Amino acid sequence: MSTATRASVDLGALRHNLAQARRHAGRARVMAAIKADAYGHGLIRTARALAAADALAVARPSEGLALRQAGIGTPILVLDGALDGEELRACAAAALDVVVHRAAQLDLLRRLDPARPLGVWLKVDSGMHRLGVAPASAAALHRELSLLPAVRGPVGLMTHLAEADAAGAQATRRQCDCFAAAAAGCHGPRSLANSAALLRWPWTHADWVRPGIMLYGISPFARQTGASLGLRAAMRLTGTLIDVRPLAAGEAVGYGATWHAPARTVLGVIATGYGDGYPRHAPSGTPVWLNGRRVALAGRVSMDLITVDLGHGASDRPGDTAELWGPRQPVEEVAAAAGTIGYELVCGVTRRTTVDVEP
Ligand SMILES: *Cc1c(COP(=O)(O)O)cnc(C)c1O
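Not measured: the values here are computed from a predicted model.

Caption draft 1: Inspection of the site of the ligand at higher detail. Taken together, 13 residues sit near the ligand, with Lys35, Tyr39, Ser195, Ile213 and Tyr343 positioned nearest. In this structure, an oxygen atom belonging to the ligand sits 2.8 Å away from a main-chain N or O atom of Ile213. Of the residues contributing to the shell around the ligand, the split by class is six nonpolar, four polar and three charged.

Caption draft 2: Structural detail: the pairing of strand S7 (residues 151-158). Where strand S6 (residues 118-123) meets S7, five bridges bridge the pair, whose relative direction is parallel. The residue of S7 that forms the bridge with Lys123 is Met158. For the crossover that starts at S6, traverses helix H7 (residues 135-147) and ends in the parallel S7, the hand is right-handed. Where S7 meets strand S8 (residues 190-191), two bridges bridge the pair, whose relative direction is parallel. The residue of S8 that forms the bridge with Met158 is Ser191.

Caption draft 3: Geometry of the packing of aromatic side chains. Counted by the stated rule, this structure contains five aromatic pairs. An angle of 25° between the planes, with centres 4.6 Å apart, marks the rings of Tyr39 and Tyr216 as stacked. With a gap of 177 residues between them, Tyr39 in helix H2 (residues 35-40) and Tyr216 in the loop between strand S9 (208-209) and strand S10 (235-247) connect regions that are remote in the sequence. You can call Tyr39 buried: its relative accessible area is 6%. When the centroid spacing of 6.4 Å and the interplanar angle of 90° are considered together, the rings of Trp121 and Trp208 count as edge-to-face. Separated by 87 residues along the polypeptide, Trp121 in strand S6 and Trp208 in strand S9 bring together distant segments of the chain. Judged by its relative accessible area of 7%, Trp121 is buried. Grouped by ring-pair contacts, the aromatic residues Tyr39, Tyr216 and Tyr343 constitute a single cluster.

Caption draft 4: Expanded view of the pattern of salt bridges. Within this structure, the stated rule accounts for 14 salt bridges. Across the pair Asp304 and Arg352 runs a salt bridge whose closest N-O atoms are separated by 2.8 Å. Linking Asp304 in the loop between strand S15 (293-297) and strand S16 (306-309) with Arg352 in the loop between helix H11 (342-347) and strand S18 (354-358), this pair joins segments that are 48 residues apart in sequence. Judged by its relative accessible area of 36%, Asp304 is partly exposed. For Arg352, a relative accessible area of 43% corresponds to the partly exposed category. Taken together, the shared-partner salt bridges in this structure form one network comprising Asp107, Arg110 and Glu144.

Caption draft 5: Highlighting the domain arrangement of the protein. For the protein, the assigned domains read domain 1 (11-222) and domain 2 (235-358). When each unit is reduced to the centre of its C-alpha atoms, the spacing between domain 1 and domain 2 is 37 Å. If you look at the interface, domain 1 gives 12 residues, while domain 2 gives 10 residues. A buried area of about 900 Å², summed over both sides, lies between domain 1 and domain 2, and 68% of it is on carbon and sulfur atoms. The interface formed by domain 1 and domain 2 includes zero salt bridges.

Caption draft 6: Examining the side chain of Arg210 more closely. Topologically, Arg210 is positioned in the loop between S9 and S10. It turns out Arg210 is buried and unbridged, and the closest side chain with the opposite charge, Asp80, is 11 Å from it. At 2.8 Å, the side chain of Arg210 and the backbone oxygen of Thr159 are in polar contact. Residue contacts for Arg210: discarding those within four places in its chain leaves Met31, Met158, Thr159, His160, Ser191, Leu192, Ala193, Asn194 and Ser195.

Caption draft 7: View of unusual backbone geometry. Residues Gly153 and Pro154 are joined by a peptide bond in cis, for which omega reads -10°. Looking at where Pro154 falls in the secondary structure, it is placed in strand S7. For Asp37, which is not glycine, the phi torsion reads 55° and is therefore positive. Tracing the backbone shows Asp37 in helix H2. Its identity as a non-glycine residue notwithstanding, Ala206 has a phi of 50°, on the positive side. The topology assignment puts Ala206 in the loop between helix H9 (195-200) and S9. Exposure remark for Ala206: the relative accessible area of 40% places this residue in the partly exposed category.

Caption draft 8: Just H7, in detail. The axis of H7 is deflected most strongly, by about 25°, at Leu141. Those residues of H7 lying buried are Ala138, Leu141, His142 and Leu145. Contact partners of the buried residues in H7: strand S5 (97-100), helix H6 (104-110), S6, S7 and helix H8 (170-183).

What counts and how
- Residues numbered from 1 in each chain as written.
- Predicted model: local features only at pLDDT ≥ 70, side-chain atom pairs only at ≥ 80, totals over all residues.
- Heavy atoms only, no water.
- Near = heavy atom within 4 Å.
- Polar contact = N/O pair within 3.5 Å; in protein donor to acceptor, adjacent residues only side chain to side chain.
- Nonpolar A, V, L, I, M, F, W, Y, C, P; charged D, E, K, R; others polar.
- Pairing = 2+ DSSP bridges.
- Helix = DSSP H or I, 4+ residues; strand = E, 2+ residues; numbered from the N terminus.
- Right-handed = clockwise from strand over helix to strand, strands pointing away.
- Phe/Tyr/Trp six-rings, centres within 6.5 Å; stacked < 30°, edge-to-face > 60°.
- Buried < 20%, exposed > 50% of the residue type's maximum accessible area, 1.4 Å probe, protein only.
- Salt bridge = Lys/Arg side-chain N within 4 Å of Asp/Glu carboxyl O.
- Domains from an automatic or database assignment.
- Contact = heavy atoms within 4.5 Å.
- Buried area = accessible area lost by both parts, 1.4 Å probe.
- Lys, Arg positive; Asp, Glu negative; His and termini not counted.
- Bend = angle between axes of the 7 residues up to and from the residue.

Dropping the structure here:
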């Protein structure tokens, strides 16, 4: 027995979710997004579990280098691209493909030794206004890139969708149209779709899809869970009940005395807090799965502990395990209660937790 908070990563769920992504993708190839330590699930183990993906996508060169050092041979795309010549040379040496999102990155490629050419995707800003070259300049830049000796063709064209998770298609249509016009006449594969677009808008699929969050069993859509989309939660975060105590009606619980027992009840104390990655902003009422039922958070989340209302006559005992999120307690519900998204919760699990891996 231990009071550690545990994050169990289910590799079978990752494989299942990749198969679901493929089913939705049809003929498009699948680039699995495993940036940010594979959304908190562990970079290397996730890359191995997703060996059936056609390629992997990371945000930073360092993440790609770590994958290569671990012996991962799958094609890898660095989504943020290389900042300077040094980063670009490191990418080339490790056979990492890079995104080019600003014109100055062409100069870096011009100065690169062509002995080991690298794969390149040109990112077009079709309306998100975060990264990407102006649509009007895309075709000329694509032509220039395609002629560089250090670039292995064909050069891809990609964009990122800002509102693919919205109920309406309008903004996504507008970005798609903008991208299609910018890329017209260019020879090379095209990629637009994140998980939301992959699941909801088949006309965005093009040649490569780039799912991330769905691979972890989490819905990209508000008010929907991964399970309702045929996905399986890949992370289960559990904490240990370490005390059970009676509470009289009206007694306050926790910092700031923000919750008072509305009636005589039993309070459960679970040894998990924001120091483990449980969101501090989760309010009273946030669900926790314990012994076959949902109980509600009662009082503020603290660094090492949360408190839950077990109800009068509860038979829970110290040592019992609570599921904070996972297959029985959707992370989407915890995130919604805390005013955030499942992405942030799984990324935010801290190093204090013990990680278990289920094959
Ligand atoms: C993270 C990321 C994705 C995956 O997005 P999800 O919403 O997690 O599916 C796709 N493309 C780019 C450029 C990304 O940064």
